[in-house]
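Understanding the architecture of this molecule
Each chain is listed here by its residues.
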Amino acid sequence: MNSKAELRVLFTRQEIEAAVRRLASEISSDYRNKNPLLLGVLRGSFVFLADLIRQLDFPLEVDFIGLSSYSSGMQTSGRIKVVKKLETPVQDRHVLIVEDIVDTGLTTAFLFDYLQKQKSASVKLCTLTDKPSRREAPVQIDYLGFTVPNKFLVGYGLDADQKFRNLPDICYLEDKA
Ligand code: 5GP
Ligand code: MG
């Protein structure tokens, strides 16, 4: 992180809470009798997932998957690898991917493909934030919290060099003039 960057709030904790409630109500009407598997993508989604499931009052299960893009030097290649497997068999399960952010879309596109190959009953995507200006792979978002500008977001689970995940608001880093 640039040491001359400063934090600005983009969405307050109250705005996030309202968005989580709205998403939970949409998800409830679609999944109430499906015992869905909510699949958090590590690590950024864990705060959102923790708040989201406490707004869902029907049976569900939770698992996590760790994904990372292969990098060569400073460049990400766009190829994704699984760095932590999910432990729950997904065959015939209704899987709801829970993401912190969809940026290029490459991670999510990979994950859709990966889950469909394992013959899940359905795969849908809930993401707290979407940065469509950076999209490289098309991704269908079924439940969306916020569309965000092309800024580097931190807080509410999102990190910069593993820092700032604990901020209760969603912030962005802005270079100081
Ligand atoms: P993708 O580019 O494949 O859609 O997103 C991959 C991952 O990049 C996201 O899950 C997230 O971990 C990270 N990422 C993308 N944009 C941001 C951002 O603005 N802030 C942070 N902290 N991570 C981001
Ligand atoms: Mg993520």
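Above this text is the structure in question.
Everything numeric here is computed off the predicted structure, so don't read it as measured data. (Residues numbered from 1 in each chain as written. Chains lettered and ligands numbered in written order. Predicted model: local features only at pLDDT ≥ 70, side-chain atom pairs only at ≥ 80, totals over all residues. Heavy atoms only, no water.)

**Things to note about the overall build of the protein chain**
From N to C terminus, the protein chain includes three helices and nine strands. The linear arrangement of helices and strands in the protein chain, starting from the amino end, is β-α-β-α-β-β-β-α-β-β-β-β. Dimensions of the protein chain along its principal axes, counting C-alpha atoms only, are 55 × 40 × 25 Å. A total accessible area of about 9500 Å² is found for the protein chain, and carbon and sulfur atoms account for 48% of it. The average position of the 24 basic charges and that of the 23 acidic charges among the side chains of the protein chain differ by 3 Å. (Helix = DSSP H or I, 4+ residues; strand = E, 2+ residues; numbered from the N terminus. Areas by Shrake-Rupley, 256 points an atom, 1.4 Å probe, with all protein chains shown as cover. Lys, Arg positive; Asp, Glu negative; His and termini not counted. Charge placed at Lys NZ, Arg CZ, Asp CG, Glu CD.)

**Examining the site of ligand 1**
Around ligand 1, the surrounding shell holds 15 residues, and the nearest of these are Thr 104, Gly 105, Thr 107, Leu 153 and Asp 159. One of the backbone N or O atoms of Asp 159 is found 2.7 Å from a nitrogen atom in ligand 1. In the complex, 80% of the free accessible area of ligand 1, which totals 510 Å², lies under the protein chains. In this structure, ligand 1 is accommodated by the largest pocket. It is strand S5 (residues 94-102) that provides the largest number of residues to the shell around ligand 1, a total of four residues. Classifying every residue of the shell around ligand 1 gives six nonpolar, three polar and six charged. (Near = heavy atom within 4 Å. Polar contact = N/O pair within 3.5 Å; in protein donor to acceptor, adjacent residues only side chain to side chain. 1 Å grid on protein atoms, 1.4 Å probe; cavity = no way out; pocket = protein on both sides within 12 Å on 5 of 7 lines; lining within 4 Å. Sits in = over half its atoms within 2 Å of the grid points. Nonpolar A, V, L, I, M, F, W, Y, C, P; charged D, E, K, R; others polar.)

**Considerations on the layout of surface pockets**
Empty space within the largest pocket amounts to approximately 1200 Å³. For the largest pocket, the lining is made up of 32 residues, of which Ser 69, Ile 101, Asp 103, Thr 107 and Asp 159 are closest to its centre. Elements with a minimum of two residues in the lining of the largest pocket: strand S2 (37-42), strand S3 (61-72), strand S4 (75-84), S5 and helix H3 (106-117). (Points joined across faces, edges and corners; volume = space filled by probe spheres on them.)

**Details of the packing of aromatic side chains**
Within the structure shown, the criterion is met by three aromatic pairs. Geometrically, the ring pair formed by Phe 11 and Phe 146 is stacked, given 3.8 Å between the ring centres and 15° between the ring planes. Placement of the pair is Phe 11 in strand S1 (residues 5-11) and Phe 146 in strand S7 (residues 143-147), with a sequence separation of 135 residues. Phe 146 shares its class with Phe 11; the two are buried. With a centroid separation of 5.9 Å and 20° between ring planes, the pair formed by Phe 110 and Tyr 114 is classed as stacked. Linking Phe 110 with Tyr 114, this pair stays in helix H3, spanning four residues, or about one helical turn. Geometry around Tyr 31 places Lys 34 over its ring, the cationic atom sitting 5.7 Å from the centre. (Phe/Tyr/Trp six-rings, centres within 6.5 Å; stacked < 30°, edge-to-face > 60°. Buried < 20%, exposed > 50% of the residue type's maximum accessible area, 1.4 Å probe, protein only. Lys NZ or Arg CZ within 6 Å of the ring centre and 35° of its normal.)

**Some thoughts on the pattern of salt bridges**
The full count for this structure, using the stated rule, is 14 salt bridges. Its salt-bridge partner being Lys 117, residue Asp 113 comes within 3.1 Å of it at the nearest N-O pair. In this pair, Asp 113 and Lys 117 both sit in helix H3, four residues apart, roughly one turn of the helix. (Salt bridge = Lys/Arg side-chain N within 4 Å of Asp/Glu carboxyl O.)

**A word on the sheet that holds strand S9 (residues 170-175)**
Remark on secondary structure: sheet strands pair via backbone hydrogen bonds, oriented parallel or antiparallel. Pairing is antiparallel across the open sheet formed by three strands, whose spatial order is S1-S9-S8. Strands with a single pairing partner mark the edges of an open sheet, and in this sheet they are S1 and strand S8 (153-154). Across two bridges, S8 lies against S9 in antiparallel orientation. Bridge pairing in S9 links Leu 153 to Tyr 172. (Pairing = 2+ DSSP bridges.)

**Overview of the pairing of S2**
Remember that side chains alternate between the two faces of the sheet whenever the strand is regular. For S2, the buried fraction is high: five of the six residues fall into the buried class. Across four bridges, the pairing between S2 and S5 is parallel. The partner of Gly 40 across the bridge, within S5, is Val 98.

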